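# Results of the structural survey
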Protein chains: 2
Amino acid sequence: MTVGHVGERLLTPGEVAALFRVDPKTVTRWATAGRIGSIRTPGGHRRFRETEVQALLAELTTEATEPAEHV
Amino acid sequence: MTVGHVGERLLTPGEVAALFRVDPKTVTRWATAGRIGSIRTPGGHRRFRETEVQALLAELTTEATEPAEHV
DNA sequence: GAGGAGTGGGGTAATTAGGGCT
DNA sequence: TCTGTCCTAATTACCCCACTCC
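I will try to describe carefully the structure that is included in this document. Here the residue numbering is sequential within each chain, running from 1 through the sequence in written order. By the order in which they are written, chains take letters starting at A while ligands take numbers starting at 1. For this predicted model, a pLDDT threshold of at least 70 governs which residues receive local features, and a threshold of 80 or more governs which side-chain atom pairs are given and counted, while totals over whole chains, interfaces and linings are taken from all residues. For the side-chain quantities, the full set of heavy atoms in the structure was used; hydrogens and water were omitted.

## Remarks on unusual backbone geometry
The phi angle of most residues is negative, glycine excepted, and most peptide bonds adopt the trans form. Heads up, the rule is: For each residue, the accessible area found with a 1.4 Å probe, counting protein chains only, is set against the maximum for its type, and the residue is called buried under 20%, exposed over 50%, and partly exposed in between.
Despite not being glycine, R21 of chain A shows a phi value in the positive range, around 60 degrees. Given the relative accessible area of 76%, R21 of chain A is considered exposed.

As structure tokens, this is what we get:
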């Protein structure tokens, strides 16, 4: 292989939906609303950067800043 | 490789598939549908120009609008 | 010439996109 | 306002086997 650039892992809408425990449709709406970056395939399907998803996931976690043991 | 002639870096269907997080067969369909330019080897296998793939990838990429946090 | 990995072609099942509604 | 579900159409994923690339 002569790529030499294996940076960003991309996730499918279904995988992101599973991470957030929501419907893939909701993930699509987030992308449409510009709340999360998306990479479209030439066919129109979306792919999401895992790093961005992780960041958003962590952001939502820290947003509910309750020091109690609620995990 | 190591042809000594740089500037025409070609990617295999598998490499392009990894970039878009799709199946190599899907990349083949893109080429068949004319959504992406392809170069055929004498044996019939397809090769793709990295510059074209990168350009396509960048064109289909949408950055997330930076939220204003707490407003 | 031999061998492993990848690719092409065809066909079928699973996801996804889009709009509208509860 | 945001999310989940219903619908149809389009795109993508995985199965087979034969051939090509290195």
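This is not the end of the story, as more comes after the structure.
## As for the nonpolar core
All names here are of chain B. The line we're drawing: Definition of nonpolar core: a set of buried residues of the types Ala, Val, Leu, Ile, Met, Phe, Trp, Tyr and Cys, connected through side-chain atoms within 4.5 Å. Helical segments are the DSSP runs of H or I of at least four residues, strand segments are the runs of E of at least two, and each set is numbered from the N terminus. When checking whether two residues touch, look at their non-hydrogen atoms; a contact exists if any pair is within 4.5 Å.
Counting 17 residues, the largest nonpolar core has V16, F20, V27, I36, F48 and V53 as its most contacted members. Every element with two or more residues in this core is listed here: α1 (13-20), α2 (24-33) and α3 (50-59). For this core, the leading source of residues is α1, giving 4 residues. Apart from the residues within four sequence positions on either side, F48 is in contact with R9, L10, L11, T12, P13, V16, V27, A31, I36, G37, S38 and V53.

## With respect to the interface of chain B and chain A
As a reminder of what qualifies: Using a 1.4 Å probe, buried area is obtained as the accessible area two parts lose upon being combined, added over both of them. Here, a salt bridge means any side-chain nitrogen of Lys or Arg that lies within 4 Å of a carboxyl oxygen of Asp or Glu. In protein, a polar contact means a hydrogen-donor-capable atom and an acceptor-capable atom, both N or O and within 3.5 Å, with residues adjacent in sequence counting only if both atoms are side-chain atoms; elsewhere, any N or O pair within 3.5 Å suffices. Nonpolar residues are Ala, Val, Leu, Ile, Met, Phe, Trp, Tyr, Cys and Pro. Charged residues are Asp, Glu, Lys and Arg, and all others, Gly as well, are polar. Any two strands with at least two DSSP bridges between them are considered paired.
Taken residue by residue, the interface counts 19 residues in chain B and 21 residues in chain A. For the pair chain B and chain A, the summed buried surface comes to about 1,700 Å²; carbon and sulfur atoms form 54% of the total. Considering only the surface of chain B that becomes buried against chain A, E15, R21 and L60 of chain B emerge as the three largest contributors, covering 30% of it. Run the count over chain B and chain A and you get 1 salt bridge. The residue E15 of chain A makes a salt bridge to R21 of chain B at a minimum N-O spacing of 2.8 Å. The interface formed by chain B and chain A holds 7 residue pairs in polar contact (both at pLDDT 80 or more) in total. Contributing elements (two or more residues each) for the side of chain B that touches chain A: α1, α3 and β4 (61-62) of chain B. For the side of chain B that touches chain A, the element with the most residues is α1 of chain B, which contributes 3 residues. Within the side of chain B that touches chain A, the residues separate by chemical class into 10 nonpolar, 3 polar and 6 charged. Bridge analysis of strand β2 (residues 38-40) of chain A against β4 of chain B gives 2 bridges, and the strand direction is antiparallel.

## Details of the sheet that holds strand β1 (residues 10-11) of chain B
Residues and elements named next belong to chain B. To keep it simple, the criterion reads: In this analysis an axis means a line fitted to C-alpha atoms, helices contributing only their contacting stretch, and an angle means the value between N-to-C directions, from 0 to 180 degrees.
A sheet is described by the order of its strands in space; here 3 strands give the open sequence β1-β3-β2, paired in antiparallel fashion. One side of each edge strand has no neighbouring strand; the edge strands of this open sheet are β1 and β2 (39-40). In this sheet, strand β3 (residues 46-49) lies alongside β2 in antiparallel orientation, the contact comprising 2 bridges. Of the residues in β3, the one forming a bridge with I39 is R47. Sheet strands touched by α3: β1 and β3. Its angle to β3, the strand with the most contacts, is close to 65 degrees.

## A few points about the protein's contact with DNA strand C
Filter applied, for reference: We call a residue near a molecule or strand as soon as one heavy atom of that residue lies within 4 Å of the molecule or strand.
Contacts to DNA strand C come from 20 residues, most closely from G14, K25 and R46 of chain A together with K25 and R46 of chain B. Atoms of DNA strand C within 4 Å of the protein belong to the sugar or the phosphate in 61% of instances, the rest to bases. For DNA strand C, a phosphate oxygen lies 2.8 Å from a polar atom in the side chain of R46 of chain A. Note that a phosphate oxygen of DNA strand C is positioned 2.9 Å from one of the backbone N or O atoms of G14 of chain B.

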